[in-house]
Amino acid sequence: MNKNKDVAAEEPSGALMADVARLAGVAISTVSRALANPGRVNEKTRAKINAAARQLGYTPNAMARGLRVGKSNTIMIILPGSPYYGASQIIPQVLQSINKSLIQRGYNLMIANLDREEASERHILDLAFSGTVRGAIIFSSKLPEIEGRSPAGAGLPIVSMLFDMSDAGLPSVVTNDREAIRDATMELIRSGHRRFLYIAGPEGNYHDVERYAGVLEALRTEGLSEEAVSRSGGDLEYQHGFEIGIRAADDFMKLAVRPTAVIATSDDMAISFMSIIQRAGLVIPEHVSVVSFDGSPVCEFCSPPLSTIKQPVEEMGRAAVELLLAAIGQTQDAATMRTVIRSQLILRESIAPARD
């Protein structure tokens, strides 16, 4: 046995994994699954593998070291679906910032998709309750929960990203959606616009509720009625932003009295909207001004360059990591339950004074 240990110390991690498999009485592939994807291995088998790994001092990587010391250094990111968001790419940019911050602090990142299916929810819950992950950052307004189990119930530190869940006891990192859209709408009103089209995200979504409220606040401040704004969309998720913009262009063209300004709640919506109405012979911003939300780099290269509210993705990612690590270290101040990072309105050629 001593000889095997000496050899194992010099051999690649595959040999050590074979030792763990032999001691636990399972296949090497089962050990691999248990370490990389514990939700796919039943609890009894995982316990045998973890015990064998600890007995052998198996430490091929950071996750396995966590088995030995009893603490994982893996942070789970819970996404509501695919990280692909068209041109906007806000989610991937925030993930990049989070990953960079975690690496600097000695942590690893694991992505789990909450696909609204029980299997994916069970997998996330297994990760939370097995001790595989040290904490989680969730990009959804709802925690997975099955049969009364939730990640919070496992005592797992959790931070909400982009959604304000501070009322539910989760530290949250958000942007000033309402204020940012209100300021953009005020800019349009100051330029003489009095009729607006608001291109909406999914109805009831936190971002859409906040952003539309910002539009209404600006109208009330300037003495305009809510009838000054028409709505389009509301039935598709933000991932379908291009389709939402195409439909909004159709709605716009059908209006008897067309708005002179459009407020889109994502860059994707604005980009497809502008493309369709320009094909129909209208000119931006002569016939209609357009402003959007997200701040994608591509906005600068649209025709005309698109005015947009830029989300501070780098700051948001860093703030989420700081909140989570404070929660893990139990040093979090109650005053920091909600962190608001201000967005920036970038004015470009897609906005001009109203002509009527």
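What counts and what doesn't
- Residues numbered from 1 in each chain as written.
- Predicted model: local features only at pLDDT ≥ 70, side-chain atom pairs only at ≥ 80, totals over all residues.
- Heavy atoms only, no water.
- Helix = DSSP H or I, 4+ residues; strand = E, 2+ residues; numbered from the N terminus.
- Buried < 20%, exposed > 50% of the residue type's maximum accessible area, 1.4 Å probe, protein only.
- Phe/Tyr/Trp six-rings, centres within 6.5 Å; stacked < 30°, edge-to-face > 60°.
- Lys NZ or Arg CZ within 6 Å of the ring centre and 35° of its normal.
- Salt bridge = Lys/Arg side-chain N within 4 Å of Asp/Glu carboxyl O.
- Expected span 1.5 Å × (residues − 1).
- Arc of directions from axis to C-beta.
- Contact = heavy atoms within 4.5 Å.
- Polar contact = N/O pair within 3.5 Å; in protein donor to acceptor, adjacent residues only side chain to side chain.
- Core = buried A, V, L, I, M, F, W, Y, C linked by side-chain atoms within 4.5 Å.
- Pairing = 2+ DSSP bridges.
- Axes fitted to C-alpha atoms, helices over the stretch in contact; angles between N-to-C directions.
- Disulfide = S-S within 2.5 Å.

### A word on unusual backbone geometry
The amide bond that connects Ile 284 to the next residue, Pro 285, takes the cis arrangement and shows omega of 10 degrees. With respect to the helices and strands, Pro 285 occurs in the loop between α11 (267-279) and β9 (289-294). Backbone geometry at Leu 162 places phi at a positive 80 degrees, although glycine is not the residue there. In this structure, Leu 162 sits in the loop between β4 (158-161) and β5 (172-175). The class for Leu 162 is buried, based on a relative accessible area of 8%. For Asp 294, which is not glycine, the phi torsion reads 140 degrees and is therefore positive. Inspection of the secondary structure assignment puts Asp 294 in strand β9.

### Let's talk about the packing of aromatic side chains
Using the criterion set out here, one finds three aromatic pairs in the structure. Aromatic pair Tyr 198 and Tyr 212: ring centres 4.9 Å apart, planes at 55 degrees, arrangement tilted. Taken together, the residues Tyr 198 in strand β6 (residues 196-200) and Tyr 212 in helix α9 (residues 206-221) connect sequence positions 14 residues apart. A residue is classified by how much of its surface remains accessible, and Tyr 212, at 17% relative accessible area, is buried. Aromatic pair Phe 252 and Phe 273: ring centres 5.5 Å apart, planes at 85 degrees, arrangement edge-to-face. Here Phe 252 is found in helix α10 (residues 241-254), whereas its partner Phe 273 is found in helix α11, with 21 residues between them in sequence. Both residues of the pair, Phe 252 and Phe 273, count as buried. In this structure, Arg 211 is placed above the aromatic ring of Phe 293, and the distance from its NZ or CZ to the ring centre is 3.7 Å. Sitting over the face of the ring of Tyr 212, Arg 231 holds its NZ or CZ atom 4.4 Å from the ring centroid.

### A word on the pattern of salt bridges
Enumeration over the complete set of coordinates arrives at 16 salt bridges. When the shortest N-O distance is used, the salt bridge between Asp 177 and Arg 211 registers 2.9 Å. In this pair, Asp 177 sits in helix α8 (residues 177-190) while Arg 211 sits in helix α9, placing the two residues 34 residues apart along the sequence. With its nearest N and O atoms 3.0 Å apart, the salt bridge here joins Arg 342 to Glu 179. Taken together, the residues Arg 342 in the loop between β11 (338-341) and β12 (344-346) and Glu 179 in helix α8 connect sequence positions 163 residues apart. Owing to a relative accessible area of 25%, Glu 179 belongs among the partly exposed residues under this scheme.

### With respect to α10
Over its 14 residues, α10 runs 20 Å from end to end, which matches the ideal 20 Å to within 8%, given 1.5 Å per residue. Within α10, burial applies to Gly 241, Ile 244, Gly 245, Ala 248, Ala 249 and Phe 252. Projected onto a plane normal to the axis of α10, the buried residues spread over an arc of 145 degrees and lie on a single side. Against the buried residues of α10 lie β6, β7 (229-233) and α11.

### A closer look at α9
At 3.6 residues per turn, the α-helix brings residues three or four places apart onto the same side. A rise of 1.5 Å per residue sets the reference length of α9, with its 16 residues, at 22 Å; its end C-alpha atoms lie 23 Å apart and thus fit the reference within 8%. Along α9, 13 of the 16 residues are buried, which leaves the element largely enclosed by surrounding structure. Taking the backbone nitrogen of His 207 as reference, a side-chain oxygen 2.8 Å away marks Asn 205 as the first, capping residue of α9. Looking at the residues trailing α9, positive phi occurs at Gly 223, about 75 degrees.

### Considering the nonpolar core
Among the nonpolar cores identified, the biggest contains 45 residues, and Met 76, Val 94, Ile 98, Ile 137, Phe 139, Met 161 and Val 173 are the most heavily contacted of them. Elements represented by at least two residues in this core include exactly β1 (74-79), α6 (90-104), β2 (108-113), α7 (118-130), β3 (135-138), β4, β5 and α12 (313-328). Setting aside residues up to four positions removed in sequence, Ile 98 forms contacts with Ile 77, Leu 109, Ile 137, Phe 139, Met 161, Gly 317 and Val 321. The next biggest cluster of nonpolar side chains, apart from the first, holds 23 residues, and it includes Tyr 238, Ala 248, Ala 249 and Ala 270.

### Points about the sheet that holds β9
Across the sheet, six strands lie side by side as β7-β6-β8-β9-β10-β12; this open sheet has mixed pairing. For this open sheet the edge positions go to β7 and β12, each flanked by a neighbour on one side alone. Going across the sheet, the axis of each strand differs from the next one's by a mean of 20 degrees, ignoring polarity. As paired strands, β6 and strand β8 (residues 261-264) are joined by four bridges and run parallel to one another. Within β8, the residue paired with Tyr 198 across the bridge is Ile 263.

### What to know about the state of the cysteines
The tally for this structure, following the rule as stated, stands at zero disulfides. Counting only cysteine sulfurs, Cys 299 is the nearest neighbor of Cys 302, a cysteine outside any disulfide, at a range of 5.3 Å. Assessed through its relative accessible area of 14%, Cys 302 is described here as buried.

Spatial relationships are all this shows, so hold off on functional conclusions.
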